[in-house]
Amino acid sequence: MASISRRLFLQGAGAFTWATAGVGSYALAFEPGFRLNVTSYRLAPPRWPDELTLRAAVLADVHACEPWMSASRVRGIANFTNDLAPDIVFLLGDFSGGHRFVTGPVMPDEWGEALSVLKAPLGVYAVLGNHDWWHGALPGMPADGAEGVRRALRSAGIAVLENHALRITRNGEPFWVAGLGDQIAERKGPRLFAGRDDLAGTMAQIRGPAPVILLAHEPAIFRRVPDRVSLTLCGPTHGGQVNLPIFTEDFLRRHYRCDIVYGHLVERDRHLVISAGLGTAHAPVRFMRPPEVVELTIGGPRPQS
Ligand SMILES: [Fe+2]
């Protein structure tokens, strides 16, 4: 009886070890380094005209670094996005990678060149994220005020919106794309940050009744976004990276000062979409929250119910 129990114990321990190693390998290598999902939303936000149908692709939190998000993987993601044939592409910041497990940098000119293949008839627009400020041009190097990231994006033909709003027209129908400066751009202390965001100044540039899409790296701003904005798009949560309730519930909602850390929220008739993003921060792990390209269809014919 004792030997059977010992054999069962050893078999169970062996199976547990293999299962743990398998899950670990998946979470550390396969999901963050190889998987790519398309997450589609069909939205009918308020103040969005029936005549305007817009298909947008959203890429967030690239976090370029070796070995998980090499320049060739970024290029592959960009080509994958082109295959979705969006009207417009939005990039939601955090292009730089910089956790302690990075084996080598992917320089801004490298990931910028990879992103330069993105194509959309209405253009490609980006905001910066906190990591673009914190890491500067290279992981582990002093911040350079995000100028290296700006230069790389502009060289790639990507418009950088920092507290700036642009009026765009599709088939004669206008809409606005507004991009916010990063809300925690500068570290002033252990939990103290200074933002470069100017929501009021950005909104003041908007004229007329055309609908507004706001790009903002961090979702904390959503509580202050005026009703005038139909849709706010945010990144930095990575959807928690590890999608287990113990990690993703109250703690992350408090940390990001938002009622959700992933997905679609409608609050006071205002729409918010938070992407799981593409790369990783803090640790190179993803579990049940794979990298994703978000595909939005905004407006147009309502689905039959
Ligand atoms: Fe990020």
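Whatever comes next refers back to the structure up there.
These lines cover the structure that appears in this document, whether it is placed above or below.

**Remarks on the sheet that holds strand β12 (residues 212-215)**
Phase 1 of the analysis: Spatial strand order, β8-β9-β12-β13-β15-β14: six strands in an open sheet with mixed pairing. Looking at strand neighbours, the two that pair on one side only are β8 (164-170) and β14 (263-267), the edges of this open sheet. Neighbouring strand axes in the sheet, compared pairwise and without regard to direction, differ in orientation by 20 degrees on average.
Phase 2 of the analysis: The pairing of β12 with strand β13 (residues 231-234) spans three bridges and is parallel. Residue pairing for β13: Leu 214 is matched across the bridge by Thr 232.

**Here we look at the coordination of the iron ion**
Phase 1 of the analysis: Taken together, the protein ligands of the iron ion are Asp 61 (OD), His 63 (NE2), Asp 94 (OD) and His 238 (NE2), with distances of 2.0 to 2.3 Å.
Phase 2 of the analysis: Angles of 90 to 176 degrees at the metal separate the four donor atoms of the iron ion, which places the site in the irregular class.
Phase 3 of the analysis: One chain supplies every donor to the iron ion, and in sequence these donors are spaced D-x1-H-x30-D-x143-H. One end of the pair, His 63, is in the loop between β2 (54-59) and β3 (65-66); the other, Asp 94, is in the loop between β4 (88-91) and β5 (104-105), and 31 residues separate them in sequence. Side by side, His 63 and Asp 94 carry an identical accessibility label, which is buried.

**Concerning the side chain of Asn 163**
Phase 1 of the analysis: Structurally, the position occupied by Asn 163 is in the loop between β7 (159-160) and β8.
Phase 2 of the analysis: A distance of 2.8 Å separates the side chain of Asn 163 from the backbone nitrogen of Asp 198, its partner in a polar contact.
Phase 3 of the analysis: Setting aside residues up to four positions removed in sequence, Asn 163 forms contacts with Gly 179, Leu 180, Gly 181, Arg 196, Asp 197, Asp 198, Thr 202 and Gln 205.

**Section: the sheet that holds strand β1 (residues 37-43)**
Phase 1 of the analysis: Spatially, six strands are ordered β1-β16-β2-β4-β6-β7 in an open sheet, and the strand pairing comes out mixed. Looking at the sheet topology across the chains shown, the edges are occupied by β1 and β7.

**Concerning the packing of helix α2 (residues 71-83) against helix α3 (residues 108-115)**
Phase 1 of the analysis: The N-to-C vectors of α2 and α3 enclose an angle of 20 degrees; their axes lie 8 Å apart at closest approach. Between α2 and α3, the angle falls in the class roughly parallel. Relative to α3, the crossing made by α2 is right-handed. Across the interface between the two elements, Ala 71, Val 74, Arg 75 and Ala 78 from α2 touch Glu 110, Trp 111, Glu 113, Ala 114 and Leu 115 from α3.
Phase 2 of the analysis: Taken together, the residues that form the contact of α2 with α3 break down as six nonpolar, no polar and three charged.

**So, the pattern of salt bridges**
Phase 1 of the analysis: Counted under the stated rule, the structure contains twelve salt bridges.
Phase 2 of the analysis: For Glu 162, the salt bridge goes to Arg 150, with nearest N and O atoms at 2.6 Å. With a gap of twelve residues between them, Glu 162 in the loop between β7 and β8 and Arg 150 in helix α5 (residues 147-155) connect regions that are remote in the sequence.
Phase 3 of the analysis: Here Arg 150 falls in the buried class, since its relative accessible area comes to 11%.
Phase 4 of the analysis: Taking the shortest distance from any N to any O, the salt bridge between Arg 253 and Asp 250 comes out at 3.0 Å. You can see Arg 253 and its partner Asp 250 sitting in helix α8 (residues 250-256), three residues apart, about one turn around the helix.
Phase 5 of the analysis: On the basis of relative accessible area, Arg 253 is assigned to the partly exposed category, the value being 28%.

**Quick word on the state of the cysteines**
Phase 1 of the analysis: What the rule picks out here adds up to zero disulfides.
Phase 2 of the analysis: As a non-bridged cysteine, Cys 234 has Cys 258 as the owner of its nearest cysteine sulfur, 7.0 Å distant.
Phase 3 of the analysis: Taking the relative accessible area as the measure of exposure, Cys 234 reaches 0% and is therefore buried.

**Quick word on the environment of Gly 263**
Phase 1 of the analysis: Mapped onto the elements, Gly 263 comes out in strand β14.
Phase 2 of the analysis: Of the residues examined, Gly 263 reaches a relative accessible area of 7% and is grouped as buried.
Phase 3 of the analysis: The spatial distance from the C-alpha of Gly 263 to the C-alpha of Ser 275 is 6.5 Å, given a sequence separation of twelve residues.
Phase 4 of the analysis: What Gly 263 contacts, discounting residues up to four positions off in sequence, is Tyr 41, Leu 272, Val 273 and Ile 274.

**A word on the nonpolar core**
Phase 1 of the analysis: Counting residues in hydrophobic clusters, the biggest one holds 34 residues, and the most contacted among them are Leu 91, Phe 95, Trp 111, Leu 115, Leu 118, Leu 153 and Ile 158.
Phase 2 of the analysis: The set of elements that each furnish at least two residues to this core consists of β2, α2, β4, α3, β6 (124-126), α4 (130-134) and α5.
Phase 3 of the analysis: Sequence-distant contacts of Leu 153, that is, excluding residues within four places in its chain, are made with Leu 91, Phe 95, Trp 111, Ala 126, Leu 128, Ile 158 and Val 160.
Phase 4 of the analysis: Counting 26 residues, the second largest nonpolar core, distinct from the first, contains Leu 43, Leu 92, Ile 168 and Leu 231.

So, how was this worked out
- Residues numbered from 1 in each chain as written.
- Predicted model: local features only at pLDDT ≥ 70, side-chain atom pairs only at ≥ 80, totals over all residues.
- Heavy atoms only, no water.
- Pairing = 2+ DSSP bridges.
- Helix = DSSP H or I, 4+ residues; strand = E, 2+ residues; numbered from the N terminus.
- Axes fitted to C-alpha atoms, helices over the stretch in contact; angles between N-to-C directions.
- Donors = N, O, S within 2.8 Å, 3.2 Å for Na, K, Ca; no water.
- Tetrahedral: all angles 85-135°; square planar, octahedral: opposite > 155°, others 65-115°.
- Buried < 20%, exposed > 50% of the residue type's maximum accessible area, 1.4 Å probe, protein only.
- Polar contact = N/O pair within 3.5 Å; in protein donor to acceptor, adjacent residues only side chain to side chain.
- Contact = heavy atoms within 4.5 Å.
- Parallel < 35°, antiparallel > 145°, perpendicular 65-115°, else oblique.
- Left-handed = near helix turned anticlockwise from the far one by under 90°.
- Nonpolar A, V, L, I, M, F, W, Y, C, P; charged D, E, K, R; others polar.
- Salt bridge = Lys/Arg side-chain N within 4 Å of Asp/Glu carboxyl O.
- Disulfide = S-S within 2.5 Å.
- Core = buried A, V, L, I, M, F, W, Y, C linked by side-chain atoms within 4.5 Å.

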